[in-house]
Amino acid sequence: MKHPSASPDPAQPPDFREFAVSRGRHLLRTAYLLTGGDAHLAEDLVQEALGRVYGRWRKIARLGNPAGYAQTVLVNTFLSHRRRRASSEQATDTFDEVAVNDPDPSLRLTLLRALSALPPQDRAVLVLRFWEDRSVEETAAVLQLSASGVRSRSSRALERIRAVLGDQLDELVRH
């Protein structure tokens, strides 16, 4: 009589639960940045994205990069949410008070406000390029843009952030 082995079969795709647990925090951080610091919306977007991934998990798990696929689904979920104006939620510039081990919380809040002032597509470009540290080509593939489109959006978005922050950024960086 054979006993089930303790170690999983390497040919088997990872279990969805294991995948969601291992990638959930990363997806939530990305969603938080995409939403301009709206923790509740970020959680909703991650839940929706993971739900979409779960629906096709057997096929996705066999791909070479299910984490990249989930990231793409998250960004597309964010962009489609921004296009749908069916939501009656109002954006706010106040944040829940949360304990953070951040050496400069005023800089973090200022940058989040500046990000939230950008159009969703520009915000997605900056988050993927500079927070996720993705290449121009990877960002273009996720957002279904050309590489030159990513470069020009990135450049314009950075100019907008500099214009919004102005002298405030210099003061924050000096402290």
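Now for a description of the structure that goes with this document. (Residues numbered from 1 in each chain as written. Predicted model: local features only at pLDDT ≥ 70, side-chain atom pairs only at ≥ 80, totals over all residues. Heavy atoms only, no water.)

### A few points about the environment of Leu 33
Then comes step 1: Looking at the secondary structure, you find Leu 33 in helix H1 (residues 16-34).
Then comes step 2: Leu 33 sits in the buried class, given a relative accessible area of 12%.
Then comes step 3: For the pair Leu 33 and Leu 128, spaced 95 residues apart in sequence, the C-alpha separation works out to 9.7 Å.
Then comes step 4: Not counting chain neighbours up to four residues away, the residues in contact with Leu 33 comprise Leu 112, Leu 115, Arg 123, Val 127 and Trp 131. (Helix = DSSP H or I, 4+ residues; strand = E, 2+ residues; numbered from the N terminus. Buried < 20%, exposed > 50% of the residue type's maximum accessible area, 1.4 Å probe, protein only. Contact = heavy atoms within 4.5 Å.)

### Things to note about helix H8 (residues 147-165)
Then comes step 1: A rise of 1.5 Å per residue sets the reference length of H8, with its 19 residues, at 27 Å; its end C-alpha atoms lie 27 Å apart and thus fit the reference within 8%.
Then comes step 2: Listed in full, the buried residues belonging to H8 are Gly 149, Val 150, Ser 154, Ala 157, Ile 161 and Leu 165. Each buried residue of H8 sits inside an arc of 125° when the element is viewed along its axis, so together they form one side. The exposed set on the far side of H8, more than 90 degrees from its buried face, consists of Arg 162 and Ala 163.
Then comes step 3: Backbone geometry just downstream of H8 places Gly 166 in the positive-phi region, at approximately 50°. (Expected span 1.5 Å × (residues − 1). Arc of directions from axis to C-beta.)

### Structural notes on the packing of aromatic side chains
Then comes step 1: Under the counting rule described, the total for this entry stands at four aromatic pairs.
Then comes step 2: Judged by centre distance (6.4 Å) and plane angle (40°), the ring pair of Phe 16 and Phe 19 falls under tilted. Placement of the pair is Phe 16 and Phe 19 together in helix H1, with a separation of three residues, close to one helical turn.
Then comes step 3: When its relative accessible area of 14% is taken as the criterion, Phe 16 is described as buried.
Then comes step 4: For the pair Phe 16 and Tyr 54, a centre-to-centre distance of 5.0 Å together with 65° between the ring planes defines the contact as edge-to-face. You can see Phe 16 sitting in helix H1 and its partner Tyr 54 sitting in helix H2 (residues 39-55), a full 38 residues away along the chain.
Then comes step 5: Grouping aromatic residues by their ring pairs yields a cluster made of Phe 16, Phe 19, Tyr 54 and Trp 57. (Phe/Tyr/Trp six-rings, centres within 6.5 Å; stacked < 30°, edge-to-face > 60°.)

### Quick look at unusual backbone geometry
What is expected of a backbone is that most residues other than glycine have negative phi and most peptide bonds are trans.
Then comes step 1: Phi angles above zero are rare outside glycine, and Asp 133 is one such case at about 55°.
Then comes step 2: As for its placement among the helices and strands, Asp 133 is situated in the loop between helix H6 (120-131) and helix H7 (136-143).
Then comes step 3: Look at Asp 133 and you get exposed, because its relative accessible area is 64%.

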